[in-house]
Amino acid sequence: MSNRAARVANQIRKEFFIHGRIDLGEIEDLCAVRNAFVKYEQIDGAQGRILFSGASDKSMITVDDCIDYLPKEKFVLAHEFGHHLLHKQLMNFVCQEYDFNKWNKNSSRTDYREYEANNFAAELLMPKYLVRDITSGKGLSVSLMEDLSDELGSSITSAYIQYTKYGDIPCYVVFSENGLIEWVTKTDDFYLGFLDEEDLPINSTPKVFFDNGKKKKKEVCDAIDWFPKLGDEGLLLNEESIYLDSYSSVITLLWICEDYG
Ligand SMILES: [Zn+2]
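Here is what the cut-offs are and how they apply
- Residues numbered from 1 in each chain as written.
- Predicted model: local features only at pLDDT ≥ 70, side-chain atom pairs only at ≥ 80, totals over all residues.
- Heavy atoms only, no water.
- Donors = N, O, S within 2.8 Å, 3.2 Å for Na, K, Ca; no water.
- Tetrahedral: all angles 85-135°; square planar, octahedral: opposite > 155°, others 65-115°.
- Helix = DSSP H or I, 4+ residues; strand = E, 2+ residues; numbered from the N terminus.
- Buried < 20%, exposed > 50% of the residue type's maximum accessible area, 1.4 Å probe, protein only.
- Contact = heavy atoms within 4.5 Å.
- Pairing = 2+ DSSP bridges.
- Axes fitted to C-alpha atoms, helices over the stretch in contact; angles between N-to-C directions.
- Phe/Tyr/Trp six-rings, centres within 6.5 Å; stacked < 30°, edge-to-face > 60°.

Engineer: Would you mind going over the coordination of the zinc ion with me for this structure?
Structural biologist: Coordination angles at a metal have ideal targets, namely 109.5 degrees for four tetrahedral donors and 90 or 180 degrees for six octahedral donors. Bound to the zinc ion are the protein donor atoms His 79 (NE2), His 83 (NE2), Cys 95 (SG) and Glu 114 (OE), situated 2.0 to 2.2 Å from the metal. Of note is the zinc ion, whose four donor atoms meet at the metal with angles of 92 to 129 degrees in an arrangement that counts as tetrahedral. Mapped onto the polypeptide sequence, the residues donating to the zinc ion form the spacing pattern H-x3-H-x11-C-x18-E. A residue pair is termed long-range when its members are at least 10 positions apart, and His 83 in helix H3 (residues 70-86) and Glu 114 in helix H4 (residues 109-125) qualify at 31 residues. When its relative accessible area of 0% is taken as the criterion, His 83 is described as buried.

Engineer: Would you mind going over the side chain of Ser 155 with me for this structure?
Structural biologist: Mapped onto the secondary structure, Ser 155 falls in the loop between helix H6 (142-152) and helix H7 (156-166). For Ser 155, a relative accessible area of 13% corresponds to the buried category. Ignoring sequence-local partners within four residues, the contact set of Ser 155 consists of Pro 71, Phe 75, Met 126 and Ser 149.

Engineer: Please clarify how the sheet that holds strand S4 (residues 93-95) should be interpreted in this entry.
Structural biologist: Hydrogen bonds along the backbone pair up the strands of a sheet, which may run parallel or antiparallel. Spatially, the four strands line up as an open sheet ordered S1-S3-S2-S4, and their pairing is mixed. Since the sheet does not close on itself, it has two edges, and those belong to strand S1 (36-40) and S4, each with one partner. Averaged over all neighbouring strand pairs, the angle between strand axes comes to 15 degrees, with direction disregarded. Pairing of strand S2 (residues 48-52) with S4 involves three bridges; the strand directions are antiparallel. Within S4, the residue paired with Ile 50 across the bridge is Phe 93. Packing of helix H2 (residues 24-33) onto the sheet brings it into contact with S1 and strand S3 (59-63), and relative to S1 it is tilted by some 140 degrees. Its contacts with the sheet put H3 on S1, S2, S3 and S4, and the angle it makes with S2 is roughly 25 degrees.

Engineer: Sorry, what's going on with the packing of aromatic side chains here?
Structural biologist: When we look at a pair of aromatic rings, we describe it by the centre distance and by the angle of the planes. Applying the stated criterion across every chain, the model contains eight aromatic pairs. Arranged with centres 5.0 Å apart and planes meeting at 5 degrees, the rings of Phe 175 and Trp 183 form a pair that is stacked. Comparing Phe 175 with Trp 183 shows no difference in burial state: the two are buried. Three or more aromatic residues joined by ring pairs make a cluster, and in this case those are Tyr 172, Phe 190 and Phe 227.

Engineer: Got a minute to help me understand the sheet that holds strand S6 (residues 180-186) in this structure?
Structural biologist: Overall, antiparallel pairing links the five strands, which are arranged S6-S5-S9-S8-S7 in an open sheet. On the outer flanks of this sheet lie S6 and strand S7 (219-222), each paired with one strand and no other. The mean inter-strand angle of the sheet, taken between neighbouring strand axes irrespective of direction, is 30 degrees. Along the sheet face, H7 touches strand S5 (172-177), S6, strand S8 (236-244) and strand S9 (249-256) and points at about 45 degrees away from the line of S6.

Put into structure tokens, the structure is as follows:
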């Protein structure tokens, strides 16, 4: 289902002989060559916007010039470029902060388009072969996700998403906001099940943060805390969270603790 965005992003990379990290200027050039004009100016209440022409293949992309973090700026532009390529003339899009956190493919039609644009941006900035180059054979940790994000110049959230698609250590990612689980994603081979609640486990790092503002880093926890249907098998998980300052959200990485017992 998610593959259309990945396919289109890979075609673009191939067509324009882009093999490594992609920079902001290159995304601007790709937009120009595909008739999407780009400008930067303040947009009230949104970070990116695309207006389509109903009579041609042209569009006008605006990126909010108040964004002062380059990886975010790149991601927003790539996301709007994704709308240009995938959703031409369907409607105009005004994309707000929460649209850039829509990673749930099982969403309503409008949300699905945001999901697709996010997925396109992640694939354009962080294709499978580069994610593998950077992460293969390395131990899993939040710092590996930060390396991935830094080396390819993409947002930290997209680094987690791409790792769950292409990384080699089974893991589970929980994105929570305002005290509740907003979405989860995992590698195909993470076998402990799927969270179907929106409540966070008591004493989990994101729960502690939302309850009293304390930012706990890496911990070892019982798998049963997160996955109560498991039964108590004594299995332990590593749990490591990062706290996103721009709004009240936490990304938590869970993976099996190999050295328990
Ligand atoms: Zn959008």
